[in-house]
Amino acid sequence: MEKELVIVLDFGGQYNQLVARRVRECNVYCEIYSYKTDIAKIKEMNPKGIILTGGPNSCYEEGAPTYSKELFEMGIPVLGLCYGAQLMQHVLGGKVEKAPVREYGKTNVRVNQASALFTDVAKDTVCWMSHFDYISKTAPGFSVCATTADCPVAAAEYPEKNLYAIQFHPEVLHTVEGTKMLSNFVYNVCHCSGDWKMDAFVENQIKAIREKVGDGKVLCALSGGVDSSVAAVLLSKAIGDQLTCVFVDQGLLRKNEGDEVEAVFGPEGNYELNFIRVNAQERFYEKLKGVEEPEQKRKIIGEEFIRVFEEEAKKIGAVDFLVQGTIYPDVVESGLGGESAVIKSHHNVGGLPDYVDFKEIIEPLRDLFKDEVRKVGLELGIPEYLVFRQPFPGPGLGIRIIGEVNAEKVRIVQDADAIYREEIAKAGLDRDINQYFAALTNMRSVGVMGDERTYDYAVALRAVKTIDFMTAESAEIPWEVLQTVMTRIINEVKGVNRVFYDLTSKPPGTIEFE
Ligand code: XMP
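Residues numbered from 1 in each chain as written. Predicted model: local features only at pLDDT ≥ 70, side-chain atom pairs only at ≥ 80, totals over all residues. Heavy atoms only, no water.

Undergrad: Can you tell me about the overall build of the chain, naming the residues and giving the values?
TA: Scanning the chain from N- to C-terminus turns up 14 helices and 18 strands. Taking 2.2 N^0.38 as the reference for a compact globule, 514 residues should give roughly 24 Å; the C-alpha atoms of the chain span a radius of gyration of 26 Å, in line with that estimate. Seen along its three principal axes, the alpha-carbon backbone of the chain occupies a region of about 80 × 65 × 40 Å. The burial tally for the chain puts 55% of its 514 residues in the buried class. Considering only contacts within the chain whose residues lie at least 6 apart along the sequence, 74% involve residues at least 24 apart. Here the chain displays about 22800 Å² of accessible surface, and carbon together with sulfur accounts for 48% of that area. Once the 57 positive and 77 negative side-chain charges of the chain are each reduced to a mean point, those two points are 1 Å apart. (Helix = DSSP H or I, 4+ residues; strand = E, 2+ residues; numbered from the N terminus. Rg over C-alpha atoms; globule rule 2.2 N^0.38 Å. Buried < 20%, exposed > 50% of the residue type's maximum accessible area, 1.4 Å probe, protein only. Contact = heavy atoms within 4.5 Å. Areas by Shrake-Rupley, 256 points an atom, 1.4 Å probe, with all protein chains shown as cover. Lys, Arg positive; Asp, Glu negative; His and termini not counted. Charge placed at Lys NZ, Arg CZ, Asp CG, Glu CD.)

Undergrad: Would you mind going over helix α6 (residues 226-239) in detail, with residue names and values included?
TA: The terminal C-alpha atoms of α6 lie 20 Å apart, and with 14 residues this matches the ideal 20 Å at 1.5 Å per residue to within 8%. Here α6 lies mainly inside the structure; 13 of its 14 residues are buried. Just downstream of α6, Gly-240 is the residue with a positive phi angle, here 50°. (Expected span 1.5 Å × (residues − 1).)

Undergrad: Please give an account of the side chain of Gln-86 that cites residues and values.
TA: Along the chain, the position of Gln-86 falls in helix α3 (residues 83-91). With residues up to four places along the chain from it excluded, the contact list for Gln-86 reads Cys-59, Val-96, His-131, Asp-133, Tyr-134, Ile-135 and Gln-167.

Undergrad: So what's going on with the pattern of salt bridges? Residues and values would help.
TA: The full count for this structure, using the stated rule, is 34 salt bridges. Here Glu-423 makes a salt bridge to Arg-488, at a shortest N to O gap of 2.7 Å. Of this pair, Glu-423 sits in helix α13 (residues 407-426) while Arg-488 is found in helix α14 (residues 479-492), placing the two residues 65 residues apart along the sequence. Here the two residues Glu-423 and Arg-488 agree in accessibility, since each one is buried. One salt-bridge network, in which partners are shared between bridges, spans Glu-422, Glu-423, Lys-426, Arg-488 and Glu-492. (Salt bridge = Lys/Arg side-chain N within 4 Å of Asp/Glu carboxyl O.)

Undergrad: Give a detailed account of the sheet that holds strand β14 (residues 360-362), specifying residues and quantitative values.
TA: Pairing is parallel across the open sheet formed by five strands, whose spatial order is β12-β11-β10-β13-β14. Looking at strand neighbours, the two that pair on one side only are β12 (274-279) and β14, the edges of this open sheet. The mean angle between the axes of side-by-side strands here comes to 25°, regardless of whether they run parallel or antiparallel. Direction of pairing for strand β10 (residues 218-221) relative to strand β11 (residues 243-249): parallel, over a ladder of four bridges. Paired with Ala-221 across the bridge in β11 is Val-246. (Pairing = 2+ DSSP bridges. Axes fitted to C-alpha atoms, helices over the stretch in contact; angles between N-to-C directions.)

Undergrad: I'd love a proper account of the pairing of β10, names of residues and values included.
TA: Of the two faces of β10, the one holding Val-218 and Cys-220 and the one holding Leu-219 and Ala-221 are both buried throughout. Once you follow β10 into α6 and on to β11, the crossover reads as right-handed. Pairing geometry for β10 and strand β13 (residues 321-323), over three bridges, is parallel. Note on β13: the bridge partner recorded for Cys-220 is Val-323. (Right-handed = clockwise from strand over helix to strand, strands pointing away.)

Undergrad: A description of the packing of helix α5 (residues 198-213) against helix α11 (residues 370-379) should follow, citing residues and the corresponding values.
TA: Where α5 contacts α11, the axes come no closer than 9 Å and their chain directions differ by 75°. Taken together, the axis directions place α5 and α11 in an arrangement best described as roughly perpendicular. Residues Met-198, Asp-199, Phe-201 and Val-202 of α5 lie in contact with α11, whose contacting residues are Glu-372, Lys-375, Val-376 and Glu-379. Looking at the contact of α5 with α11 residue by residue, the classes come out as four nonpolar, no polar and four charged. (Parallel < 35°, antiparallel > 145°, perpendicular 65-115°, else oblique. Nonpolar A, V, L, I, M, F, W, Y, C, P; charged D, E, K, R; others polar.)

Set out below in C-alpha cells:
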C-alpha cells in the first residue's frame, strides 16, 4: 500500500533521527536520506514534503554540504531547520554570515506574522537555539515571521512557493511548541492526511509476511527483549506454527529472566508458539573460564550463541527464513540511511545470519523507531511490562561482571541487581530512569560484619538518563533509596561487603562496564 512520505535530508546534524521521529508522531511516515541523494531519486519517491536538518558546517564555506536550487523549485514543500534554513536562504539568494552573538539553549522567540507554520503557536514561545551563523538577509520573496533578541530571522517563509526556514530546532523537546510547528508543516503546508498508524502497520505487515513466506518455515531468535518479542508475536500472528522461536539461556540473564520469558512465550504462556528453550549455561561458563578481556568475552558469547542457534536450526531442518529484530536506528546508524557517521554496525542477538544457511532474512521492524516498536507491541497485546522493558545487552551479565565470569559471580550480580530493580520500582523511579542495573566490580576489599573480618566483592550501581543511549547522564537517585538498596544488598547477597554508585556520564564512561 502506498503511504504518504516526508523526507528528511540529513546535513550531518545530531538531531536527524529526532526530526523523523517527531514527524512520525504526527502520524506521517518519514525517512532519512543523505543530502547527497540524487534529485531524480527524490522525485521518484514522490514525497509530500522535504525537511532539511541542521549540520555542523557553514553553508558559505567552500565544500560545505549543499543542494541544487532545483530542490526548492519542484513545488514540493520544503522546511529548512537551522543549517537547512541557512542553506535554503543561501542557495536562493539570501545572506548567511557569522552571527555577532552565538545563540545556544532555550531562547524566547517572538512570532510576528500569521503563518501556516505557526498556527495555534503562542506569540512568545520558547525554542531551542544552537548556531554560530545566522541569516542576515532573507532571499527574495521571503518574509520574516519570527525573531529573537539576537536573531533578526528566527523564521522566514515564502508561502506561495511552500518554502519555510526555521533557525531553531523544533524537533528538540526544549522547543515547547516544536511538535505543533512540525505538525503544522506536514498538515497545513504539505496537506498530509496522517495515514501512518500502528494498527494499519500491523495489518500490512501481516499481509506482506504471509506473501513472502508462503508455506516456508521461519526461525526467530527470541531474547525476551522488546524488539525480538514484538517481531516474534507479529510473525506468529502472520504465519502461526510455521514459526519456531529459539530462546537461549546462556546463564548471563537477569535473575529469573529465563523463567519469565518462558512463562510468557512457552507452552503455558500467552501465545501459541513453537518455543524452544535451550539451557546452555554450562557451555557458556566453560568457554568463558579464565577469560578477562572484555572484547574477547563479547566475541566468545556471540560466537557460542550462534553455535547453539545453528544446532537448533539443524534439528528443526529445512528452515527458509530467519527473523531479525533490526529497527530503523540500526539501519541509520549502519550508514544505510542518513549522513551521520557510522557509529556501529549493529546486530541483535542471534542476528548473525552469515553463519547459517537461510534463504532470506525477514526484518519486520526495519522501518520503525523504538517508540513505534513499543506501540506495535501494545497493538499486538504484548503485556506492558515487556513492552516498556529497559534495554539489556546481548552479552548480558557477561559485560556487567568485570573480569572472569563464573556461576558464583553471576549469582551475586543477579541477586544484587534484582534488589536494585525492586527498590527503584518501589520508589516509582523506573519510568524516569532509562537504564539501571547492578554490576560486579572485580574488586574485593576488607570489611567488618558481625564483629568478623570480611574480604568480599564490591557491587557497583549504575543508573542513567538518556534519550539515544549515545550520551547519558548518571541519574540522581534519592539518597534514602540508595541507602535502602545498599543495606539490602549487603544483608541479603552473600559475598558482597561494599556498594558503589557510579556517577560517570557518557562520555567519558560507557553505560555498560565492559
Ligand atoms: P554502552 O555501554 O556502549 O551502551 O554505552 C549503550 C547501550 O547499548 C547497550 N549495549 C548493547 N546492546 N549488544 C546489545 O544488544 C551489545 O553488545 C551491547 N553493548 C551495549 C547498552 O546496554 C546500552 O543500552
